[in-house]
Amino acid sequence: MTRRIADAGAAAALCVAPAVAAQSGQSPLEPHSVQSAQIETLAWVLFGGGALVFLVVLVTAVAALRNRGRPSRWAHERALVVGGGIAFPALVLFALLVFTLVVGNRVTTAGAGVPLRIAVSGEMWWWRVEYAEPGRSGVIATANELHVPAGVPVEIVLTSADVIHSLWMPGLAGMLDAIPGRANTLRFTADTPGRLRGQCTEYCGIQHANMTLAVVVHEPAAFAEWLAAQARPASAPATPALAQGRDLFVLHCGGCHAVRGTAAAGRSGPDLTHAGGRVALAGTALPVNAGTLAGWIAASQQLKPGNHMPSFTALRSYELLALAAYVESLR
Ligand code: CUA
């Protein structure tokens, strides 16, 4: 009885898993772009073709077994084995190969004359995301979140700063490797505004599983607003406490992190110019508020062991709170 309940539980979990994946915005069966809809169709056609081959081979095998011990009717048997066991699977698999190549070509060459190009770089263990500054030659950097407008073809120019990573945003596009010294391109056109999720899909070290990416699809006007806000340098601290936080930031964090408009200009860690307004902290692990920021600064190695930021355990509590309040104020 217990066994049966456990089996039922496992079956229910299997049924629920795709629904949970869909809710988290990370399911290839919940397409949010023209390209991912084509990939979903391809997946179902491959599944159907595979099931058909499996069924015909199974029927052929059962028929052969039932003939065991009877006088050989070689001509019939040969027709059965060659037809059902070789010719039919070969034909179906060839048709599936052709369909896969056609869809693959359609997905990778979509969106010619691309209006929006975004540079994404995989780094141990976060994503650097860079936009060209509208109307100027500068670069706007953010981290672990990709903002795109709906209905506009987007081209991701993907590379890596260290080892091979792989970017997969199942709701938007296929999987693509991020390789050091190479620029791979990924094109998609998101259909409706919403929140999705991406994940590194090439094992790249201890925090590979937490190398996640929040994806925000905006209405085009809202996207333009977001980009204009990101292009502005950080606003000056509004209170003496925040000014103290900024000074501490430049002193302790500026070697690795940049906040445009201050003396902090490090490049090895994420740009934090508008970190207080981000969707999440540490990939997509934590919400952004003064509490999680203080916890992250003091215990980064406990929260995401092995990541390249040390835990700042020597800070006094008032310094830690001032720092966290300052980063949270960077909207
Ligand atoms: Cu980056 Cu796995």
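Let me begin by describing the structure that accompanies this report. What you are looking at is a predicted structure, and each value in this text was computed from that prediction instead of being measured.

**Thoughts on the overall build of the protein chain**
- Within the protein chain, the regular secondary structure consists of seven helices and 10 strands.
- On C-alpha atoms alone, the protein chain measures out to a radius of gyration of 26 Å, which is more than a quarter above the 20 Å that the 2.2 N^0.38 rule sets for 331 residues.
- Sorting the 331 residues of the protein chain into buried and exposed places 40% on the buried side.
- Contacts spanning at least 24 positions in sequence make up 62% of the contacts within the protein chain whose residues lie at least 6 apart.
- One way to put it: in the protein chain the 23 positive side-chain charges average out to a point 9 Å from where the 19 negative ones average out.

**Some points on the sheet that holds strand 2 (residues 126-132)**
- Spatially, five strands are ordered 3-2-1-5-8 in an open sheet, and the strand pairing comes out mixed. What marks the edges here is a single partner per strand, and that holds for strand 3 (139-143) and strand 8 (184-189). This sheet shows a mean twist of 25 degrees between the axes of neighbouring strands, independent of strand direction.
- Bridge analysis of strand 1 (residues 116-123) against strand 5 (residues 153-160) gives seven bridges, and the strand direction is parallel. Following the sheet pairing, I118 is matched in strand 5 by I156.
- Of the strands in this sheet, strand 1, strand 2 and strand 3 are in contact with helix 4 (residues 220-231), which crosses strand 3 at around 100 degrees.

**Here we look at the layout of surface pockets**
- Estimates place the volume of the largest pocket at around 690 Å³.
- In terms of lining, the largest pocket is formed by 33 residues, of which the most central are H257, G269, P270, W296 and M309.
- At the level of elements, helix 5 (240-252) and helix 6 (290-303) are the ones that each hand at least two residues to the lining of the largest pocket.
- Per-element accounting of the lining of the largest pocket gives the leading share, three residues, to helix 6.
- Across the lining of the largest pocket, the residue classes tally to 21 nonpolar, eight polar and four charged.
- Put simply, the second largest pocket is a space of about 150 Å³.

**Considerations on the environment of A322**
- Tracing the backbone through its elements, the reader meets A322 in helix 7 (residues 317-329).
- According to the relative accessible area criterion, A322 is buried, its value standing at 9%.
- In sequence terms A322 and L272 are 50 residues apart; their C-alpha atoms lie 16 Å from each other.
- Once residues lying within four places of it in the same chain are set aside, the contact partners of A322 are A241, Q244, G245 and L248.

About the thresholds
- Residues numbered from 1 in each chain as written.
- Predicted model: local features only at pLDDT ≥ 70, side-chain atom pairs only at ≥ 80, totals over all residues.
- Heavy atoms only, no water.
- Helix = DSSP H or I, 4+ residues; strand = E, 2+ residues; numbered from the N terminus.
- Rg over C-alpha atoms; globule rule 2.2 N^0.38 Å.
- Buried < 20%, exposed > 50% of the residue type's maximum accessible area, 1.4 Å probe, protein only.
- Contact = heavy atoms within 4.5 Å.
- Lys, Arg positive; Asp, Glu negative; His and termini not counted.
- Charge placed at Lys NZ, Arg CZ, Asp CG, Glu CD.
- Pairing = 2+ DSSP bridges.
- Axes fitted to C-alpha atoms, helices over the stretch in contact; angles between N-to-C directions.
- 1 Å grid on protein atoms, 1.4 Å probe; cavity = no way out; pocket = protein on both sides within 12 Å on 5 of 7 lines; lining within 4 Å.
- Points joined across faces, edges and corners; volume = space filled by probe spheres on them.
- Nonpolar A, V, L, I, M, F, W, Y, C, P; charged D, E, K, R; others polar.

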